[in-house]
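Structure at a glance
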Amino acid sequence: MGNLVQAELRKTTTTGLWWGLLIPTAVLALGWGLATGLLGQFFVDFASTSEVDDVSDFLGVSPDQWKVSLFGMARAINISTIFPMVFGAMAISGEISRRTITTTFLTAPSRMHSMLAKMLVYVLWGAIYGLVIMLFVSIGVVFTSESGQLPDAGGWAMLALVCVLSSILMTMFGVGVGALIPNVAGAVVLLLLYFLVIENVLHGVLAYLEVPAVIGFLPNGSINGLTGSVAVDLFLSTAGVVPPEIENVLRAIAGAGGALDWWWSGLVFLAWSGIVFAGGWAATQSKDIT
Amino acid sequence: MHDGSGLIAVQNLTKQFGSVTAVHNLSFTVSPGSVTGFLGPNGAGKTTTLRMLLGLVKPTSGTATINGRPFDQLGQPGRVVGAVLEAQGFHPARSARNHLRVYAAAIGVPDAQADQVLGLVGLGSAADRKVGGFSLGMKQRLALATALLGDPQVLVLDEPANGLDPEGIAWLRTFLQSYARMGRTVLISSHLLAEVEQTVDQVVIISRGQTMFYGPLDQLRQSQQKRVLVQPSDINALAAALRAEGVQTIEQLPDGRLAVSGVDSKYVADCALKAGVSIYGIQEEQVDLERLFFQLTSGQYAGYAPAPYQQQQQGGWA
């Protein structure tokens, strides 16, 4: 198994795809980080100068101590992890399209070994992407935010944890979809459409039908819940008692409307990844490689 | 694990793709120490059979084993069997050396083996070039290098001469023969008998997914009856004389010669002398393996000969 993991690792490092996708990931994360700080600053300035004292009273802290950066960071992580997902999606679909899968299967004890080795390597890559995303989001946010709006040390650590987790899970989901749809363009387009358009429309419909709780069980809803719920929790931990309506608004701002607790969200998305990977596994296991 | 015999055994192998039967009840064995040709016209089921042997395609029924085991039970297959298959891909952005290092890691052989096989197939100077810029022949050599990485006991090659220049084909021929002489097993497919005739010792000929002939190439040659082509001064006199001697298989060719089967030219000449017939020309027909191959594999995908034009007869219904 160690041999196959090394082989899969070499596959990823001997082509330029890993940095070709990592660069836009870092740029996107940095951009969102910068924008988060600026928007947060704008909002806080607005809140401080106008008659939103009611809200401050609710939250129990003055606006300049609101950790508004948390919401933008959660959003930045959500959007940036699209890239590791695409990277994962190309793991198996790319090999099938280029027909290198033949040699891969000829040199592995079994297809199951190949796929497991691949999954392990892509979990590692997911973690690397996650760390890079966290790094660049942080640089952007720190650059444009007042220190009062930034999380404390524990908050940073918690965000870093869910960022890496989220990135790993998104990569795994991508690997599964890539195995299920053995066509690079097909897998990538479907994933982008689903995560950027289809499920967002679905969220709107579910909210309209007044069953927002379902959102937390959908793939995008649950992965957003992982980061978004942590952001809301961290925000509220420094605020006072907040009425449920306001909390719902905050959750929506964090991109975690209708989501479960962060660890529940993570487990739900892990289940989705597992289902997709199992499907891809079954498809690959019985596939005739002609 | 596997028994290390180097034996390839295909038994009652059948594969159906939907309603199409690609391989039908195929059986043969391939022994170590010789190069075996796996022959048949395009679409006869060669590639499907090899892919079933290599665990890439699941048989509908029957078994295909290497060293007594199906492919997925070989443990470290890369060390037992190496394969060059048609449509085996390379990542165009990966260099030849990196391509080999990926699979060296998978098989579990040292990286130095990558450079060694590159040298072996004559690609040493192209090691750091990206495979995307390789010619078909170079890709074929790289595929062979990949197959040799694990120093396998069994080598399976699907149409390996495709894309190779004459020099490359000559090199491959020598290489495969010496590989087999080391007591290893070499199975090589081709749709042209002539292409592998000088390389192989054994042949398996299939057509329409079924075995048509299976045995040593020499046996195939002998199964073809010799013919003597003779141009006598008097065809009828010679034919009569031969019949009197008990030779029945006499045929008159369109060019005016007689084709006599089952006897040699000396016999025909002696017979003509006794009958007082002059002989203007005589030759023993060379064994034409290609024609035999056509006879064995004919029919599949063969077009009909154009029908002769017939004038419509008026009122010829009776």
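Reading guide: rules and limits
Each chain has its residues counted from 1, running along the sequence as written. The lettering of chains begins at A and the numbering of ligands begins at 1, in the order of writing. For this predicted model, a pLDDT threshold of at least 70 governs which residues receive local features, and a threshold of 80 or more governs which side-chain atom pairs are given and counted, while totals over whole chains, interfaces and linings are taken from all residues. A helix here means a DSSP run of H or I that spans at least four residues, while a strand means a run of E at least two residues long, and both kinds are numbered starting from the N terminus. Residues are treated as contacting if the C-beta atoms built from their backbones sit within 7 Å of each other. Put simply, a nonpolar core is buried Ala, Val, Leu, Ile, Met, Phe, Trp, Tyr and Cys residues tied into one set by C-beta atoms within 7 Å. Labels follow a simple rule on C-beta atoms placed from the backbone: if 20 or more others lie within 10 Å of a residue's own, it is buried; if 12 or fewer, it is exposed; otherwise it is partly exposed. For helices, the fitted axis covers only the stretch in contact; all axes are lines through C-alpha atoms, and the angles between them, taken along N-to-C directions, range from 0 to 180 degrees. Here roughly perpendicular refers to angles of 65 to 115 degrees, roughly parallel to angles under 35, roughly antiparallel to angles over 145, and oblique to all remaining angles. Note: crossing handedness is left-handed where the near helix turns anticlockwise from the far helix by less than a right angle, and right-handed where it turns clockwise. Residue type decides the class: Asp, Glu, Lys and Arg count as charged, Ala, Val, Leu, Ile, Met, Phe, Trp, Tyr, Cys and Pro as nonpolar, and the leftover types, Gly among them, as polar. For two strands to count as paired, DSSP must find a minimum of two bridges between them. The predictor reports its confidence for every residue as pLDDT, a score running from 0 up to 100. UniProt positions are given in the numbering used here, feature names are shortened, and annotations may be inferred rather than shown by experiment.

**Details of the overall build of chain A**
What chain A contains, in helices and strands, is 12 helices and zero strands. Mapped in sequence order, the helices and strands of chain A form the string α-α-α-α-α-α-α-α-α-α-α-α. Sequence-distant contacts, at least 24 apart, represent 87% of the contacts inside chain A between residues at least 6 apart.

**Remarks on the nonpolar core**
Grouped together as the largest cluster of nonpolar side chains are 154 residues, with contacts concentrated most on Val137(A), Ala231(A), Leu53(B) and Val156(B). At 14 residues, the largest contribution of residues to this core is made by helix α8 (residues 153–180) of chain A. Among residues more than four places away in sequence, those in contact with Leu53(B) are Ile8(B), Val10(B), Ala64(B), Ile66(B), Phe71(B) and Val156(B). Counting residues in hydrophobic clusters, the runner-up holds 11 residues, among them Val228(B), Leu238(B), Ala241(B) and Ala272(B).

**So, the packing of helix α3 (residues 96–107) of chain B against helix α5 (residues 136–148) of chain B**
Residue and element names in this part refer to chain B. It is the contact of α3 with α5, at a shortest axis distance of 10 Å, that shows an interaxial angle of 25°. Here α5 runs roughly parallel to α3, going by the angle between their axes. The handedness of the crossing between α3 and α5 comes out as right-handed. Here α3 contributes Ala96, His99, Leu100 and Tyr103 to the contact with α5, which in turn contributes Leu142, Ala145 and Thr146. In terms of residue class, the contact of α3 with α5 is made up of five nonpolar, two polar and no charged.

**Side note on the interface of chain B and chain A**
At the junction of the two partners, chain B supplies 28 residues and chain A supplies 24 residues. Among the elements of the structure, α2 (77–80) and α3 of chain B are those that each provide at least two residues to the side of chain B that touches chain A. Here the side of chain B that touches chain A takes seven residues from α3(B), the largest share from any one element. Broken down by class, the residue content of the side of chain B that touches chain A amounts to 14 nonpolar, nine polar and five charged.

**What about the pairing of strand β7 (residues 185–190) of chain B?**
Residue and element names in this part refer to chain B. By the criterion of burial, β7 is predominantly enclosed, with six of the six residues buried. Neither face of β7 is exposed, since Thr185, Leu187 and Ser189 on one face and Val186, Ile188 and Ser190 on the opposite face are all buried. In the sheet, strand β3 (residues 35–39) pairs with β7 via five bridges, with the strands oriented parallel. Looking at the pairing, Leu39 lines up with Ser190 of β7. Here strand β6 (residues 154–158) pairs with β7 via five bridges, running parallel.

**A few points about the environment of Ile107(B)**
Residues and elements named next belong to chain B. Relative to the helices and strands, Ile107 resides in helix α3. Note on Ile107: 24 C-beta atoms within 10 Å, which makes it buried. Taking C-alpha positions, Ile107 is 68 Å from Arg243, a pair spaced 136 residues apart along the chain.

**A few points about the environment of Ala93(B)**
Tracing the backbone shows Ala93(B) in the loop between β5 (81–84) and α3. Take Ala93(B): there are 13 C-beta atoms within 10 Å of it, and that puts it in the partly exposed class. A C-alpha to C-alpha distance of 39 Å links Ala93(B) and Asp3(B), two positions 90 residues apart in sequence. Beyond its immediate chain neighbours, meaning those up to four positions away, Ala93(B) contacts Thr15(A), Gly16(A), Lys130(B) and Gly132(B).

**Concerning the sheet that holds strand β12 (residues 258–261) of chain B**
Residues and elements named next belong to chain B. Pairing within the open sheet is antiparallel, and its four strands lie in the order β11-β12-β10-β13. Of all strands in the sheet, those bounded by a partner on one side alone are β11 (250–252) and β13 (279–284). Across the sheet, the mean angle separating the axes of adjacent strands is 20° when strand polarity is ignored. As defined by bridge partners, strand β10 (residues 227–232) adjoins β13 across five bridges and the pair is classed as antiparallel. Each bridged residue has a counterpart across the sheet, and for Pro232 the counterpart in β13 is Ile279. Sheet strands in contact with helix α9 (residues 235–244) are β10, β11 and β12, and its direction is about 10° off that of β12. Contacting β10, β12 and β13, helix α10 (residues 265–275) crosses the sheet at an angle of about 160° to β13.

**Remarks on the confidence of the model for chain B**
The share of residues in chain B with pLDDT of 70 or more is 92%, and the mean pLDDT across the chain is 86. By mean pLDDT, the top-scoring element of chain B is α3(B) (95), and the lowest-scoring one is helix α11 (residues 289–297) of chain B (75).

**As for the UniProt feature "transmembrane region" (unreviewed entry) in chain A**
All names here are of chain A. UniProt annotation of "transmembrane region" (unreviewed entry) refers to residues 21–44, 68–92, 120–143, 155–181, 188–209 and 262–283 when read in the numbering used here. Segment residues 21–44 splits into 100% helix and 0% strand. End C-alpha atoms: 34 Å apart. With 96% helix and 0% strand, residues 155–181 has end C-alpha atoms that lie 38 Å from one another.

**Concerning the sheet that holds β3(B)**
All names here are of chain B. In spatial order, the strands read β5-β6-β7-β3-β8-β9; together these six strands make up an open sheet with mixed pairing. With partners counted over all chains shown, the strands left at the sheet margins are β5 and β9 (210–216), one partner each. Across this sheet, the average inter-strand angle for adjacent strands is 15°, counted without regard to direction. Across four bridges, the pairing between β3 and strand β8 (residues 202–207) is parallel. By the bridge assignment, Leu39 is partnered in β8 with Ile205.

**Concerning unusual backbone geometry**
Residue and element names in this part refer to chain B. Of note in this structure, Asn12 is not a glycine but carries a positive phi near 45°. Looking at the element boundaries, Asn12 is found in strand β1 (residues 8–17). Positioned with a positive phi, Asp151 is a non-glycine residue whose angle comes to about 45°. Residue position: Asp151 is located in the loop between α5 and β6. Judged by local crowding, Asp151 falls into the partly exposed class, with 14 C-beta atoms found within 10 Å.

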